[in-house]
Amino acid sequence: PISVQFETVRENLGYAATATEKQGVTLCLEPLNAKDTPDFLVPTSTQMLALIEEIGHPNLRLQYDFYHQQRMEGNLIAFFADHIGQIGHIQIADSPDRHEPGTGEINFDYVFDQIDALGYDGWVSLEYIPSSTTEASLGWLKRFGYDV
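Draft legend 1. Representation of the environment of Val-42 in the model. Relative to the elements of secondary structure, Val-42 occurs in the loop between β1 (27-29) and α2 (45-55). Considered as a pair, Val-42 and Leu-32 are 10 residues apart in the sequence and their alpha carbons are 6.8 Å apart. Excluding residues within four positions of it along the chain, Val-42 makes contact with Phe-6, Pro-31, Leu-32, Gln-47, Met-48 and Leu-51.

Draft legend 2. A look at the nonpolar core. Leu-62, Tyr-64, Phe-66, Phe-80, Ile-90, Val-111 and Ile-115 are the most contacted members of the largest nonpolar core, which totals 32 residues. For this core, the secondary-structure elements that each account for two or more residues are α1 (2-22), β1, α2, β2 (60-65), α3 (66-72), α4 (76-83), β3 (87-92) and α5 (108-117). Ranked by the residues each element gives to this core, the list is headed by α2, at five residues. The contacts of Ile-90, once residues within four sequence positions are left out, are Tyr-64, Phe-66, Phe-80, Ile-115, Tyr-120, Trp-123, Val-124 and Ser-125.

Draft legend 3. Up close: the sheet that holds β1. Reading across the sheet, the four strands line up as β1-β2-β3-β4 and stay open at both edges, with parallel pairing between neighbours. At either end of the open sheet lies a strand with only one pairing partner, and these are β1 and β4 (124-126). Each strand of the sheet is rotated relative to its neighbour by a mean of 30°, with strand direction disregarded. Where β1 meets β2, three bridges bridge the pair, whose relative direction is parallel. Along β2, the bridge assignment pairs Leu-29 with Leu-62.

Draft legend 4. Representation of the environment of Arg-143. Its place among the elements puts Arg-143 in the segment after α6 (134-137). Polar contacts involving the side chain of Arg-143 include one to the side chain of Asp-109, which spans 2.6 Å.

Draft legend 5. Focus on unusual backbone geometry. Note that the residue after Ser-95, namely Pro-96, is joined by a cis bond; omega there is 20°. With respect to the helices, strands and loops of the structure, Pro-96 is situated in the loop between β3 and α5. Of note in this structure, Asn-75 is not a glycine but carries a positive phi near 50°. Within the secondary structure, Asn-75 is located in the loop between α3 and α4. One non-glycine residue, Arg-98, adopts positive backbone phi at about 60°. For Arg-98, a relative accessible area of 12% puts it in the buried group.

Draft legend 6. Representation of the pairing of β3 in the model. Of all six residues in β3, five are buried, a share of seventy percent or more. Pairing geometry for β2 and β3, over four bridges, is parallel. Counted as the bridge partner of Gln-63 is His-89 from β3. Sheet topology places β3 next to β4; three bridges connect them, and they run parallel. Paired with Ile-90 across the strands is Val-124, a residue of β4. In terms of handedness, the path from β3 via α5 over to β4 forms a crossover that is right-handed.

Conventions used here
Counting of residues starts from 1 at the beginning of each chain's written sequence and follows it residue by residue. Since the coordinates come from a predicted model, pLDDT governs what is reported: local features require at least 70, and pairs of side-chain atoms require 80 or more to be given and counted, while whole-chain, interface and lining totals use all residues. For the side-chain quantities, the full set of heavy atoms in the structure was used; hydrogens and water were omitted. The secondary structure listing takes helices from DSSP runs of H or I that are at least 4 residues long and strands from runs of E that are at least 2 residues long, numbered from the N terminus. For this analysis, residues touch if any pair of their heavy atoms sits within 4.5 Å. What is meant by a nonpolar core is a set of buried Ala, Val, Leu, Ile, Met, Phe, Trp, Tyr and Cys residues, joined one to another through side-chain atoms within 4.5 Å. Only protein chains enter the calculation, and the probe is 1.4 Å; a residue is then buried if its accessible area is under 20% of its type maximum, exposed if over 50%, and partly exposed in between. Strands qualify as paired when DSSP identifies two bridges or more between them. Axes, fitted as lines to C-alpha atoms, cover a helix only where it is in contact. Angles between the N-to-C directions of the axes lie from 0 to 180 degrees. Think of a polar contact as two N or O atoms within 3.5 Å of one another; within protein, one of them needs to be a possible hydrogen donor and the other a possible acceptor, and neighboring residues in sequence only count if both atoms come from side chains. If you view a crossover with the strands going away from you and the path from the first strand over the helix to the second runs clockwise, you call it right-handed.

Written out as structure tokens, the structure reads:
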């Protein structure tokens, strides 16, 4: 039953959080949207934060994926602002097709401005399916001053 699955997850993540903390590594947990992964146990950021709170280990953080958030809950920046202290890492991809920024419905100029304005100082990684070649899909970074 689902209750057994959650109990197992809580125990295992508590153990893993302690082990990674001893190594100086923060354990980040990523929800995966139910549209792409229908049987994933924790499909929303809200549910993942509730699980993190239940476990109650200080070394657990949310891996905030703007793509998954848009697919499941929306309110990208409001959620980010409300929970920035619980976010350990950011991933990005555009929605709905999980391609590079600028190929879908997310306004990444605004998103990046708000990430900076809200004071997030962690890593932002790219996790998308290139719409063409990998090299061509990195072209959007030029707008932000990166030489690709």
